[in-house]
Every structure is written in C-alpha cells, then in structure tokens.
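For reference, the chains in residue letters:
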Amino acid sequence: MAKRAFGRTGWTVSEIGFGAWAIGGSWGDVGEAEAKDALNAALDAGVSFIDTADVYGDGRSEKIIRDVLKARGGVGPIVATKAGRRLDPHVADGYTKENLTAFVDRSLKNLGLDCLDLVQLHCPPTEVFYRPEVFAALDDLVAAGKLRHYGVSVEKVEEALKAIEYPGVVSVQIIYNMFRQRPAGLFFREAKRRNVAVIVRVPLASGMLTGKMKADTAFSTDDHRAFNRHGEAFDVGETFAGVPYDVALAAVEELRPLVPAGATMAQMALKWILMEEAVSVVIPGAKNRAQAEANVAASALEPLLPEAMEKVRAIYEAKIAPHVHHRW
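As the structure is a computational prediction, the values presented were derived from the model and not from experiment. (Residues numbered from 1 in each chain as written. Predicted model: local features only at pLDDT ≥ 70, side-chain atom pairs only at ≥ 80, totals over all residues. Heavy atoms only, no water.)

1. A closer look at the confidence of the model for the protein
Looking at the protein, pLDDT values average 97 and 99% of them are 70 or higher. Ranking the elements of the protein by mean pLDDT puts helix H7 (residues 224–227) last, at 95, and strand E9 (residues 197–201) first, at 99. (pLDDT = per-residue confidence, 0-100. Helix = DSSP H or I, 4+ residues; strand = E, 2+ residues; numbered from the N terminus.)

2. Some thoughts on the packing of helix H3 (residues 97–111) against helix H4 (residues 132–143)
Following both chains from N to C, one finds H3 and H4 inclined at 45 degrees, their axes separated by 9 Å at the closest point. Compared by their axis directions, H3 and H4 come out oblique. Along this stretch, H3 crosses H4, giving a crossing that reads as right-handed. Of the residues in H4, those touching H3 at Lys97, Leu100, Thr101 and Val104 are Val134, Ala137, Leu138, Asp140 and Leu141. Residues of the contact of H3 with H4, tallied by class, amount to 6 nonpolar, 1 polar and 2 charged. (Axes fitted to C-alpha atoms, helices over the stretch in contact; angles between N-to-C directions. Parallel < 35°, antiparallel > 145°, perpendicular 65-115°, else oblique. Left-handed = near helix turned anticlockwise from the far one by under 90°. Contact = heavy atoms within 4.5 Å. Nonpolar A, V, L, I, M, F, W, Y, C, P; charged D, E, K, R; others polar.)

3. Concerning the sheet that holds strand E4 (residues 49–51)
With parallel pairing, the 8 strands of this open sheet are ordered in space as E3-E4-E5-E6-E7-E8-E9-E10. Only two strands of the sheet have a single partner each, and these edge strands are strand E3 (18–19) and strand E10 (281–282). Pairing analysis gives 4 bridges linking strand E5 (residues 78–83) to strand E6 (residues 116–122), with the strands arranged parallel. Following the sheet pairing, alanine 80 is matched in E6 by leucine 118. (Pairing = 2+ DSSP bridges.)

4. A closer look at the nonpolar core
If you look at the biggest cluster of nonpolar residues, it comprises 97 residues, and the most contacted ones within it are Phe18, Phe135, Val172, Phe179, Phe187 and Met208. Residue contributions to this core peak at 8 residues, all from helix H9 (residues 265–274). Setting aside chain neighbours within four positions, we find phenylalanine 18 in contact with Ile23, Ala38, Leu39, Ala42, Val47, Phe49, Ile50, Asp51, Ile283, Pro284 and Ala286. Formed by 12 residues, the second largest nonpolar core is a distinct cluster that contains Phe49, Ile78, Leu118 and Ile199. (Core = buried A, V, L, I, M, F, W, Y, C linked by side-chain atoms within 4.5 Å. Buried < 20%, exposed > 50% of the residue type's maximum accessible area, 1.4 Å probe, protein only.)

5. Remarks on the pattern of salt bridges
Evaluated as defined, the whole model comprises 25 salt bridges. One salt bridge connects lysine 36 with aspartate 67, and the closest N-O pair in it is separated by 3.8 Å. Within this pair, whereas lysine 36 is found in helix H1 (residues 32–44), its partner aspartate 67 is found in helix H2 (residues 60–72), the two being separated by 31 residues in sequence. Several salt bridges share partner residues, and in doing so they unite Glu32, Lys36, Arg66 and Asp67 into one network. (Salt bridge = Lys/Arg side-chain N within 4 Å of Asp/Glu carboxyl O.)

6. Remarks on unusual backbone geometry
A negative phi angle is the norm for most residues apart from glycine, just as the trans form is the norm for most peptide bonds. Omega for the bond connecting aspartate 88 with proline 89 falls within 30 degrees of zero, at 10 degrees, which places this linkage in the cis form. By the secondary structure assignment, proline 89 is in the loop between E5 and H3. Look at asparagine 195: it is not a glycine, yet its phi comes out positive at around 60 degrees. Residue placement: asparagine 195 occurs in the loop between helix H6 (186–194) and E9. Judged by its relative accessible area of 38%, asparagine 195 is partly exposed. Of note, alanine 241 is a non-glycine position whose phi angle comes to about 60 degrees, a positive value. Residue classification places alanine 241 among the buried residues on the basis of a relative accessible area of 0%.

7. Considerations on the packing of aromatic side chains
Both the distance between ring centres and the angle between the ring planes are used here to describe each pair of aromatic rings. Counting across every chain of the model gives 11 aromatic pairs. For the ring pair tyrosine 176 and tryptophan 272, a centre distance of 5.0 Å and an interplane angle of 35 degrees mean the geometry is tilted. Taken together, the residues tyrosine 176 in the loop between strand E8 (169–175) and H6 and tryptophan 272 in helix H9 connect sequence positions 96 residues apart. Accessibility assignment for this pair places tyrosine 176 and tryptophan 272 in one class, buried. (Phe/Tyr/Trp six-rings, centres within 6.5 Å; stacked < 30°, edge-to-face > 60°.)

8. Some points on helix H11 (residues 306–324)
The largest bend along H11 reaches roughly 50 degrees and is located at glutamate 317. Looking only at H11, the buried set comprises Ala308, Val312, Ile315, Tyr316, Ile320, Ala321 and Val324. Where H11 is buried, its residues meet helix H8 (245–255) and H9. (Bend = angle between axes of the 7 residues up to and from the residue.)

9. Quick look at the environment of glycine 84
Residue position: glycine 84 is located in the loop between E5 and H3. When the C-alpha positions of glycine 84 and glutamate 302 are compared, they lie 39 Å apart, and in sequence the two are 218 residues distant. In this view, glycine 84 contacts Asp54, His90, Tyr95, Phe103 and His122; residues no more than four positions away in its chain are not counted.

10. Overview of helix H10 (residues 289–297)
Residues of H10 that are buried: Ala292, Asn295 and Val296. Down the axis of H10, the buried set is contained in an arc of 95 degrees. They therefore lie on one face. Of the surrounding elements, those touching the buried residues of H10 are H1 and H9. Here H10 starts with a cap whose side-chain oxygen sits 3.2 Å from the backbone nitrogen of alanine 290, and that cap is asparagine 288. (Arc of directions from axis to C-beta. Polar contact = N/O pair within 3.5 Å; in protein donor to acceptor, adjacent residues only side chain to side chain.)

Rendered as structure tokens:
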C-alpha cells in the first residue's frame, strides 16, 4: 500500500482509506459481523485511515470501529469522524461551541477514545464557512485536548476554498471522481499551496463507477440510492455524484474500454483519483471483505496512460459536466 503525507499534520496515511458510511447505514442491510470483517480486511491490507461520522447509523459506524480496533490492539489507524449533521434543523445557527462540544463528547464515547484524531464539520450550510466563531470553537476543542486536528467536509468548491483560509483547517473532504472533476482546478492548486490534506469521498459515484449497475438495478428502501435520487434527504450530489442515472449509465459504457487488463472498473476509477498528487487519501466504502480487498488492490495498479486520462476528460466534458460542473 502506497502512503501519502496528510497535509501539515505530520501524519503519513495509506493512499486508500476506508469509508465507513456503508457499515453504519443508508446503503442497505449490512450485518455487524460482515461490517467488522470488511474493516478488518482493509486494516489487514495496510489501510491506516478510517473515515466515519456520528450520524452513520446514529453512532453504529463509530461503535463498530471502536470494537474492531479494541480487539486488534496495538497502534491503530487514524480515525476521522464528523460533526454537525445531528442538528435538527440543520442550520448555521446550530453550529455553536456548546453543540459542537456535545457532538465531540458523544463521538469520544462511541469511539472509546480520550482524544479524537480528526473532526470534520459535516457538510454544514455554506454560511458556516463565513462564521469565524465556529472555527474558534474548534480551536478551543483542540486546546482542551478533545481533538488533535479539525477539518471540513464540503459539498462545493466555494466552501472548500473559503474553509482553507482558516489556519486551523488541516483537511478538506470533497467529492472527486471521473464524474466530478471540478476540484482538480483552483481548489487542488490552493490545497497544495497551503499544504492542506485532501480526502476524496464518493470515489465510485455511489457504485456507478463499478460498472455493475443497469437500468433496472433495484435498491432497498433504506439505501440512499433509492431514497435520495433527487436530493430528498440530503444533497443530491452525494448520490451517483449528482449525475442523472441514465446519463451516468451511458457514460460508464464509454469508460468501459479504458479499463486496464486485469483490473476492474472500480479499481481504474480509484487509480484515476490517485493520479492527482493533491489527493492525500481516497475513502471508498466496503460492505464486505471482498470489496475491501479489491479497493486496496487499486493502489498497486500501474499509472493510467495519458491517452486514457485524456479520454476520461473528454467523456466528462461532453456527457457529464453539463449536469454537475456548475453546481458543486
């Protein structure tokens, strides 16, 4: 497993991490034993960065991580969690020091830790990024010893650019994949210039970039790919990267011939992300051992050929960009 520097934290992490949303909820049924097996497989294969959130299964994801790491013992991976989405209503005024402290304390308990490695604001309303007092509250939580570092998880490039103006923000989590290429412009340049770590989520566009989905693929009612197709529950960009389902299926067929021999489309999609040096870690999810091991294997792929990179860009610009580029 190749490793990369995580911004200015001094950490070095595996370039492929473990996204723990799926083992918490909103991705169909994932049993606890299967979830733990997936996480153990990733850790056995060299993963040293786990991303979770307090709302994934209402704490289930954090508790599964706690149990797995406790059972394994020894020096564990970096565990990043998120705070803010427990607010109801989820509005900027809810991002107070009191609320953030309560969220952090709950995650400390769920994860069985005395200090959190990294806490990220969980895709807050855009207005939050223009409130210095929110980031001052996070500074206070660092000073209090409740967390080592903090960062942000964002929906929009605008939010990412604003966030990294705050000196305490060490990382930005953002959607970046073959169907969401806008971050590779100004934001990645600025992140590199400021030595800010970049965590890439939704790398497979909710599974669309595995190449396994069809027009009649059915999803269970508790899977966000069924209930959030049009942004009914949260930002639509989190589901299939915001690309209309039929458009995405057609684009996948154009990408299929580019898959290197011996690799899967999912592995190609992960390697495509890792071709960008501004990326610190990509966090695909996994619901079982096989998926976790396949994700990790993408790190060992040979770099994608320039002509393949150019073709991916051309497909994006012709088919995908009109639907997403201006929105996020």
